[in-house]
Amino acid sequence: MIYDQIVTSSQQGRKLLAILLDPDKVEDKHLEQMFNRIGNSGVDMIFVGGSSVREKMTDNLVHEIRKYSELPIVLFPGNYEQISDHADAILFLSLISGRNPEYLIEQQIKAVPQLQKSDLEIIPTGYILIDGGKETAVQRVSETKPISANNVDEISKTACAGMYMGKKLIYLEAGSGAVTPVLPEVISAVKEALNIPLIVGGGIRSKSALLKAYESGADLVVIGTAFEENIEFLEKIVKNEHIC
Ligand code: 1GP
């Protein structure tokens, strides 16, 4: 089970890396080349999702990924239509930093009929949007305000509330393409407050930013844009070459 793998890695201090593929942005014809690059780069899982993905696109992408990779595929859906029974697991997200019932509970209810028919591992996840220095797609689509980047107290309390509500993961999100990733002091304060694994993503474009997130307490880091823009990104990280 993917959640068990995340928990075990977290307990052992083994940091995990996920690559986010957005069905709206990835072209099937580039996948083989992408997965050749991903091959020995230390990627642990593939996240699939996006803010404005249409029905069926997720399913198609999951099918295509299976042709080139045996890595676990975890759905990271922007809405209930982005569910593919052919993935391994789904982050069952609730946008707990926001106050829009649509993304706190409505989308989750709409997802139930398909989830009841699927064998997907469902991982309840508290999703916290933090200001990353520019308006991001999550903010636009969810019509919610991010929490200020340095409001450590509010972010920590939100994460804790999520854990007390039974979320099994907390995801600190600066938003895809964020100018500023989640601050190290925020990651460490949240990690300190939690006894569940912590995911961090948004705006991580360099090896130093990746290492800083890990050192601060992220158990799993998600990278999307940096890989989309330069598929050599991961290899350069592994080889320790300078990027950004
Ligand atoms: C977005 O956290 C992910 O939901 C990844 O962000 O695209 O900025 O890497 P980037």
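Scroll up to find the structure.
Residues numbered from 1 in each chain as written. Predicted model: local features only at pLDDT ≥ 70, side-chain atom pairs only at ≥ 80, totals over all residues. Heavy atoms only, no water.

Caption draft 1: Expanded view of the overall build of the protein chain. Within the protein chain, the secondary structure is distributed over 10 helices and 8 strands. Taken over the C-alpha trace, the protein chain has a radius of gyration of 17 Å; the compact-globule value for 244 residues is 18 Å, and the two agree within 12%. Oriented by its inertia axes, the alpha-carbon framework of the protein chain measures out at about 45 × 45 × 35 Å. Out of the 244 residues belonging to the protein chain, those deemed buried represent 54%. (Helix = DSSP H or I, 4+ residues; strand = E, 2+ residues; numbered from the N terminus. Rg over C-alpha atoms; globule rule 2.2 N^0.38 Å. Buried < 20%, exposed > 50% of the residue type's maximum accessible area, 1.4 Å probe, protein only.)

Caption draft 2: Geometry of the sheet that holds strand E4 (residues 89–95). What the 8 strands build is a closed barrel, ordered E1-E2-E3-E4-E5-E6-E7-E8; its pairing is parallel. Pairwise comparison of adjacent strand axes, ignoring direction, gives a mean angle of 30° for this sheet. Here E4 runs beside strand E5 (residues 121–129); their pairing, made up of 7 bridges, is parallel. From the neighbouring strand, isoleucine 90 faces E5, where its bridge partner is isoleucine 122. (Pairing = 2+ DSSP bridges. Axes fitted to C-alpha atoms, helices over the stretch in contact; angles between N-to-C directions.)

Caption draft 3: Summary view of the environment of glycine 202. Mapped onto the elements, glycine 202 comes out in the loop between strand E7 (198–201) and helix H8 (207–216). Owing to a relative accessible area of 10%, glycine 202 belongs among the buried residues under this scheme. On a C-alpha basis, the gap between glycine 202 and isoleucine 223 in space is 7.0 Å, while along the polypeptide they are 21 residues apart.

Caption draft 4: Molecular detail of the side chain of aspartate 44. Looking at where aspartate 44 falls in the secondary structure, it is placed in the loop between helix H2 (28–38) and strand E2 (45–48). Owing to a relative accessible area of 12%, aspartate 44 belongs among the buried residues under this scheme. At a separation of 2.9 Å, a polar atom in the side chain of aspartate 44 contacts the side chain of arginine 14. Within the structure, aspartate 44 has its side chain in polar contact with the backbone nitrogen of leucine 17 (distance 2.8 Å). Beyond its immediate stretch of four places on either side in the chain, aspartate 44 contacts Arg14, Lys15, Leu16, Leu17, Leu71 and Pro72. (Polar contact = N/O pair within 3.5 Å; in protein donor to acceptor, adjacent residues only side chain to side chain. Contact = heavy atoms within 4.5 Å.)

Caption draft 5: Fine view of the pattern of salt bridges. All told, the structure shown has 14 salt bridges when counted by the stated rule. One salt bridge in this structure joins lysine 25 and aspartate 22, with 4.0 Å as the shortest N-O distance. Among the salt bridges present, the one from glutamate 235 reaches arginine 37, with a minimum N-O distance of 3.0 Å. Residue glutamate 235 is found in helix H10 (residues 233–239), and its partner arginine 37 is found in helix H2; the two are separated by 198 residues along the sequence. Judged by relative accessible area, which is 24%, arginine 37 ranks as partly exposed. (Salt bridge = Lys/Arg side-chain N within 4 Å of Asp/Glu carboxyl O.)

Caption draft 6: Spotlight on H8. Along H8, the residues that are buried comprise Ala209, Leu210, Ala213, Tyr214 and Ser216. The first or second residue beyond H8 is glycine 217, which carries a positive phi of 130°.

Caption draft 7: Molecular detail of the site of the ligand. Of all residues adjacent to the ligand, which total 14 residues, the nearest are Glu173, Ser176, Gly177, Gly203 and Thr225. A distance of 2.5 Å is found between an oxygen atom of the ligand and a side-chain nitrogen or oxygen belonging to threonine 225. Its free accessible area being 310 Å², the ligand has 97% of it covered by the protein chains. Counting residues per element, the ones that place at least two in the shell around the ligand are strand E6 (169–173) and strand E8 (220–223). (Near = heavy atom within 4 Å. Areas by Shrake-Rupley, 256 points an atom, 1.4 Å probe, with all protein chains shown as cover.)

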